[in-house]
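# Secondary and tertiary structure notes
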Amino acid sequence: MAVTPDDVRHVAGLARLGIPEDALARYVEQLNGILSHMEVLQRVKGEAEATPPDAGMALREDRVAPVPLAIARERFAPRMRDGFFLVPRLATHEDAGEEP
Amino acid sequence: MTVPLLDQGAASIAAAVREARVAAVEVFGAAHGRLLESHAGPDGIHAVLSTAEPPTVAPTSGPLAGVPVAIKDNIATLTLPTSCGSRILEHWVSPYEATAARKLREAGASLIGKTNMDEFAMGSSTENSAYGPSRNPHDRTRAPGGSSGGSAAAVAAGIAPIALGSETGGSVRQPAAFCGVVGVKPTYGRVSRFGLVAFASSLDGIGVFGRTVDDAALATEIVSGHDPHDATSAAVEPAAMRIGPGTLDGLVIGVPREYFPDSLDPSVRERCDRAREALRAQGATLRDVSLPHTDLAIPVYYIIAPAECSANLARFDGVRYGMRIEGDGIRAMYEATRAAGFGAEVTRRILLGTYVLSAGYYDAYYRKAQQVRELIRSDFDAVFASGVQALFTPTTPTPAFALGAISDPYEMYLSDIFTVTANLAGVPAMSVPIGRVGGLPVGGQILARHFDETTMFRVAYALEEALGAEAAR
Amino acid sequence: MTGAWEMVVGLEVHVQLRTRSKAFCGCSATFGDAPNQNTCPVCLALPGALPVLNARAVELAARAALALGCDVHRRSVFARKNYFYPDLPKGYQISQAEQPLATGGRVPLPDGSTVGITRIHMEEDAGKSIHDRFPGQTAIDLNRAGVPLIEIVGEPEIRSSAQAGAYLRALREILLFGEVSDVSMEEGSFRVDANVSARRRGETAFRPRTEIKNLNSFSNVEHALELEFARHVATYEADGAIAQQTMLFDALRQEVRPARSKEGSHDYRYFPEPDLPPLVLAADWLAAQRAALGELPAARRARFVGALGVSAHEAEILTAEPAIAEYFDAVAAAGGDGKAAANWILGEVLAARNAAGGAAAGLVVAPARLAALIALVRTGAVSSTAAKAIFQTMLTDGAEPKAIAERDGLLQVGDDGALEAWIAEVWAEHPDEARRYAAGEAKLQGVLVGFVMKKSKGRADPKKVNQLLATRAGS
Ligand SMILES: [Mg+2]
Ligand SMILES: [Zn+2]
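Just so it is clear, the model here is predicted, and its values are computed rather than measured.

### Describing the overall build of chain B
When helices and strands are tallied, chain B shows 14 helices and 11 strands. Over its C-alpha atoms chain B spans a radius of gyration of 21 Å, differing by no more than 12% from the 23 Å that the globule rule assigns to 473 residues. Structurally, chain B occupies a C-alpha span of about 70 × 55 × 45 Å along its principal axes. For chain B, with 473 residues in total, the buried portion stands at 65%. For chain B, long-range pairs separated by at least 24 residues make up 77% of all intrachain contacts whose partners lie at least 6 apart in sequence. With the model as given, the accessible surface of chain B reaches about 14,000 Å², and the carbon-plus-sulfur share is 53%. In chain B, the 40 positive side-chain charges and the 49 negative ones have mean positions that sit 1 Å from each other.

### A word on the pairing of strand E11 (residues 190–200) of chain C
Two faces make up the sheet, and in a regular strand the side chains alternate between them. All names here are of chain C. Most of E11 is tucked away, with nine of its 11 residues classed as buried. Here 11 bridges tie strand E1 (residues 5–16) to E11, and the two strands are oriented antiparallel to one another. Paired with Val15 across the two strands is Phe190, which belongs to E11. Where E11 meets strand E12 (residues 210–215), four bridges bridge the pair, whose relative direction is antiparallel. Bridge pairing links Asn195 to Glu211 in E12.

### Considering the sheet that holds strand E10 (residues 429–437) of chain B
The pairing of strands in a sheet happens through backbone hydrogen bonds and is either parallel or antiparallel. Residues and elements named next belong to chain B. The 11 strands lie next to each other as E1-E3-E2-E4-E6-E5-E10-E11-E9-E7-E8, forming an open sheet whose pairing is mixed. Each of the sheet's edge strands pairs with one partner strand only, and the pair in question is strand E1 (48–51) and strand E8 (285–289). If you compare each strand with its neighbour and ignore which way they point, the axes differ by 30 degrees on average. Both strand E5 (residues 182–185) and strand E6 (residues 205–210) contribute to a ladder of three bridges, which runs antiparallel.

### Here's the deal with the interface of chain B and chain C
Contact with chain B, which involves 38 residues of that partner, is made by 30 residues of chain C. Each partner contributes to the roughly 2,700 Å² buried at the junction of chain B and chain C, and carbon and sulfur atoms together form 61% of this total. Joining chain B to chain C, the criterion identifies two salt bridges. A salt bridge links Glu98 of chain C to Arg367 of chain B; the nearest nitrogen and oxygen atoms lie 2.6 Å apart. Applying the counting rule to chain B against chain C returns 16 residue pairs in polar contact (both at pLDDT 80 or more). Residue contributions to the side of chain B that touches chain C peak at four residues, all from helix H8 (residues 297–312) of chain B. In terms of residue class, the side of chain B that touches chain C is made up of 22 nonpolar, eight polar and eight charged.

### Thoughts on the interface of chain C and chain A
At the interface, 59 residues of chain C touch 44 residues of chain A. Of the roughly 4,500 Å² buried between chain C and chain A on both sides combined, carbon and sulfur atoms contribute 59%. Counting the surface chain C buries against chain A, the share from its top three residues, Phe84, Tyr85 and Phe134 of chain C, is 13%. The tally of links between chain C and chain A comes to one salt bridge. Residue composition of the side of chain C that touches chain A, by class: 31 nonpolar, 17 polar and 11 charged.

### Notes on the coordination of the zinc ion (ligand 2)
Residues and elements named next belong to chain C. Within the protein, Cys25 (SG), Cys27 (SG), Cys40 (SG) and Cys43 (SG) serve as the donor atoms for the zinc ion (ligand 2), at 2.3 to 2.4 Å. Going along the chain, you hit the donors of the zinc ion (ligand 2) in the pattern C-x1-C-x12-C-x2-C. Separated by 16 residues along the polypeptide, Cys27 in the loop between E1 and helix H1 (55–67) and Cys43 in the loop between E1 and H1 bring together distant segments of the chain. Here Cys27 and Cys43 have matching classes, each one buried.

### Digging into the confidence of the model for chain C
Predicted confidence across chain C gives a mean pLDDT of 91, with 98% of residues reaching 70 or more. The ipTM, which scores confidence in the relative placement of chains, is 0.97 for this predicted complex, and the corresponding pTM is 0.87.

### A look at the pattern of salt bridges
All told, the structure shown has 69 salt bridges over all chains when counted by the stated rule. The salt bridge partner of Arg257 of chain C is Glu255 of chain C, with a shortest N-O separation of 3.7 Å. Given the relative accessible area of 28%, Glu255 of chain C is considered partly exposed. One salt-bridge network, held together by shared partners, links Arg193 and Asp230 of chain B together with Arg80, Glu273 and Asp275 of chain C.

### Things to note about empty space enclosed by the protein
Taken as a whole, this structure holds six cavities of 30 Å³ or more when the rule is applied. Taken as a whole, the largest cavity spans an internal volume of roughly 120 Å³. Looking at the largest cavity, it is lined by 17 residues, and the ones nearest its centre are Cys43, Lys90, Glu124, Ala145 and Gly146 of chain C. Approximately 70 Å³ is the volume attributed to the second largest cavity. In terms of lining residues, the second largest cavity is bounded by 13 residues, among which Pro186, Thr187, Tyr188, Gly205 and Ile206 of chain B are the most central. A per-class count over the lining of the second largest cavity returns five nonpolar, four polar and four charged.

### A word on the packing of aromatic side chains
Throughout the structure, instances matching the rule amount to 27 aromatic pairs over all chains. Every member of this aromatic cluster is reached through a ring pair, and the members are Phe76 of chain A together with Trp92, Phe120, Phe316, Tyr321 and Phe342 of chain B. We note Arg276 of chain B situated over the ring of Phe260 of chain B; from NZ or CZ to the ring centre the distance is 5.2 Å. A cation sits over an aromatic face here: Arg472 of chain C above Trp427 of chain C, 4.9 Å from the ring centre.

### Section: the packing of H8 of chain B against helix H11 (residues 363–385) of chain B
Angle between the axes and distance between the axes: these two values describe a pair of packed helices. All names here are of chain B. Axis separation between H8 and H11 bottoms out at 9 Å; the angle between their running directions is 125 degrees. Compared by their axis directions, H8 and H11 come out oblique. Relative to H11, the crossing made by H8 is left-handed. Taken together, the residues of H11 that come into contact with H8 (itself represented by Ala297, Val300, Ile303, Ile304, Ala307 and Glu308) are Tyr365, Tyr366, Ala369, Gln370, Val372, Arg373 and Ile376. Looking at the contact of H8 with H11 residue by residue, the class counts come to 10 nonpolar, one polar and two charged.

### Brief notes about the sheet that holds strand E7 (residues 114–124) of chain C
Residue and element names in this part refer to chain C. Reading across the sheet, the nine strands line up as E2-E6-E7-E10-E1-E11-E12-E13-E14 and stay open at both edges, with mixed pairing between neighbours. Of all the strands in the sheet, just strand E2 (71–72) and strand E14 (255–258) have a single pairing partner and so form its edges. Across six bridges, the pairing between strand E6 (residues 102–108) and E7 is antiparallel. Bridge assignment links Thr103 to a residue of E7, and that residue is Arg119. Along the sheet, helix H2 (residues 161–177) contacts E1, E6, E7, strand E10 (148–154) and E11; its crossing angle with E1, the most-contacted strand, is approximately 20 degrees.

### Looking at helix H12 (residues 416–429) of chain C
Residue and element names in this part refer to chain C. Its 14 residues place the ends of H12 20 Å apart at the C-alpha level, agreeing with the 20 Å of an ideal helix rising 1.5 Å per residue. Taken as a whole, H12 has its buried residues at Leu419, Trp422, Ile423 and Val426. Taken down its axis, H12 places every buried residue within 100 degrees of arc, on the same side. For H12, the secondary structure elements touched by its buried residues are helix H14 (445–455) and helix H15 (462–474).

The rules behind each value
- Residues numbered from 1 in each chain as written.
- Chains lettered and ligands numbered in written order.
- Predicted model: local features only at pLDDT ≥ 70, side-chain atom pairs only at ≥ 80, totals over all residues.
- Heavy atoms only, no water.
- Helix = DSSP H or I, 4+ residues; strand = E, 2+ residues; numbered from the N terminus.
- Rg over C-alpha atoms; globule rule 2.2 N^0.38 Å.
- Buried < 20%, exposed > 50% of the residue type's maximum accessible area, 1.4 Å probe, protein only.
- Contact = heavy atoms within 4.5 Å.
- Areas by Shrake-Rupley, 256 points an atom, 1.4 Å probe, with all protein chains shown as cover.
- Lys, Arg positive; Asp, Glu negative; His and termini not counted.
- Charge placed at Lys NZ, Arg CZ, Asp CG, Glu CD.
- Pairing = 2+ DSSP bridges.
- Axes fitted to C-alpha atoms, helices over the stretch in contact; angles between N-to-C directions.
- Buried area = accessible area lost by both parts, 1.4 Å probe.
- Salt bridge = Lys/Arg side-chain N within 4 Å of Asp/Glu carboxyl O.
- Polar contact = N/O pair within 3.5 Å; in protein donor to acceptor, adjacent residues only side chain to side chain.
- Nonpolar A, V, L, I, M, F, W, Y, C, P; charged D, E, K, R; others polar.
- Donors = N, O, S within 2.8 Å, 3.2 Å for Na, K, Ca; no water.
- pLDDT = per-residue confidence, 0-100.
- 1 Å grid on protein atoms, 1.4 Å probe; cavity = no way out; pocket = protein on both sides within 12 Å on 5 of 7 lines; lining within 4 Å.
- Points joined across faces, edges and corners; volume = space filled by probe spheres on them.
- Phe/Tyr/Trp six-rings, centres within 6.5 Å; stacked < 30°, edge-to-face > 60°.
- Lys NZ or Arg CZ within 6 Å of the ring centre and 35° of its normal.
- Parallel < 35°, antiparallel > 145°, perpendicular 65-115°, else oblique.
- Left-handed = near helix turned anticlockwise from the far one by under 90°.
- Expected span 1.5 Å × (residues − 1).
- Arc of directions from axis to C-beta.

Below you can see the structure in the form of structure tokens.
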């Protein structure tokens, strides 16, 4: 299951990491190096006995009680106008190459 | 010569402040002096990234009244930046406070500074900090360990008797061992993660450093407890931790053979043997046990942790806060921001995590790793079900390594080989100084069952009692 | 040409749950507030913030699933669906994947057909991206980010646009009934994506499908399905091929066109959400939810028709809103006359509510009082004309209908003496009509009754007046 430069390009794209072409080979080599140590897992047989059914999670009461912000959004947002966060224009929902 | 108040332990400092024998501001001043001294010069320890102003409203009550504490830079505080050792959060001041930080504040502690760390807690040496590495106070050419290296070094340098760190795979215990201090990783769910910037949520936890076992126990008790803001925080009874030294009569301590491989540094093995003798002398029965899946822990960890991190770090996108590099369109903005904001190790782990989760690889890597994680967890269940109440191991395979000595990522990962298992299983674990080798501290690790911090501390107090003087030498 | 072809449709419906606060944080889930006002560390995805699930969202989701006949699982698991979009603050949506809340329901439709439900899972909504507010910029409002949703994934069992419409109406009805959601397509609390394909009748395999998004009304859904189906058929008849892709429905131009994204580029990398332990529902809690749900609309309609004697059409209207159905039940129970109760509610009661401002105005007249009024008509104590006048008074007057009738002189007069006196007066005032009627011109009886009714100001019992007139003519 060797990682190829195309794999790294694909994965970097999914993760929105701008990786210069000249750094690609290093990441390919390092990922292959790391993943070679993972192969040992494929040889493991057998599964742990099913853990007893957990109690599950505690839920929150449906109450309007947000954790307050000690600093206004405008002061930490990189770009804000009229209360909106601003990003470069997307013509439609499709432009980011993803859909909700 | 009398011991300076700052070195008398957190409880003594707090008592002196409460009884008005000393003002909190004076204690803070002393701590601040130590900070400046230890950070001076080209080989300053660089443990602290941002330094607090003296408290304006000096605390006069609380179990930590006036006690200076240092907090790792990935735990949200209201007054100092929480940069996580990353460019992408440079100057970021959190608009809300982590539960653990609030508990320390409410106990009367004075925040002295936020401490250096590997970027987003990814690393074992602090060399992955965007703001430069910290240095080990015992030998400034060596790493303090990581990722909570700044907190460990701050406590070792006597700046603060207590510090908060965080663990994902040993990031408190390993630097505690390297810096000769006590490092505690409580049971997963014991301490709220609310406000701890996530690396790998199923493994992350806030941990505590102390100069002494007693300081560590005191601080761990304070930051523990159920938090309605963290769905993984456990609604369990508090465990007594600050129980003081006592005998180990009737206690069965397991010594897992997988943690003493042939490759173990002989001097570390020798210190561990002496620690075992000390435990026996205190009344404990030592038993040879096996945790057969231990050798799979690092591969499992380096699939699960990067997978979770790839999602946890997706929020750093330049839209709402943090660094933003403009680009031609949204995608270019994302890629430029994240390329400039993240360092090499973080980038590597996001790539790795994205890869193991991506279509076609999920079953072979992520699902398999989860299955093997269950096996590792069941190893602990089995050994604890066999009548063993605690385990003793070395914390790390070697003492502190030199800065720059390890360049291969996987070799660096192996320095967590004895610590990641506790994170994978969720059990409590801590490191206690058990001696020195060539002036460098060596840590011994104690593990216990889920939520049985009481037994863990019982062993820790006994070890400290027996070996403390030697370890501090 | 489409006669040889069969439409195959599966619908995915996102429904906003009616909670006060968001799914995973304490922010208000209301609409229309200033942009980003309802945001906090959690829904802004600030570093270190963590989600905690809203108990009410679980209750509403479970209720919806039970009402749709699904198996609600004792244990379900949240998962992260990873993708970058500026209105998705965490870079992943908390959803459910391998272990959803519920699976396997079935929705009965009025024509007797049913549509299967594959699964229902819980998830959170994204924020809103506004592309046309500032030049060169997209504006992000995260007030909606984190609002709880359920996604109802239907089986590809729908075979016509009309059936799709009927399915959506049935879903809406059930969700309204369970008070799960406001179910407003216009406000976005009920959002439909359609998967469409076409195949030759008799084929058993499915052909490639396209997904239509942006469907914001029931009629748009039906229209878009017809357009897309026709496109598939035309493509096949021209020996073309349909590519699996996402389409957008343009309501303004009434056209379906391809979305710009490259299909197949999605790799959501789902994995279990480590910040949330599994959702475990106690068996007795589930049983209580099921019991609290009560009678479903379809069952209630059947009962109205069978036991209470209303028509299928009337039953449809009476069950369109839970409040009306409950009101009808109460009136019918108090008065014992389902048919009359239905007539009153579909007539005067709903007219009065509409005049007062619609559903918000409520149903003012207490069921027992309306039943009492119906009884007055049945026993002949008041005429149906007078009853309508009494009803109008009852909208603002809390008195019993009988008291109102007495006070306003609207009780029907059936006493022979009084009626004979009015008839005698009419006889004297209209001698021409009286003579011709007495001479056998029977069609004038109605005219004379009218005169009597007028003279009595509507209080005369028309049946008795008719009898007395007939007697007088015959004597
Ligand atoms: Mg969905
Ligand atoms: Zn919120």
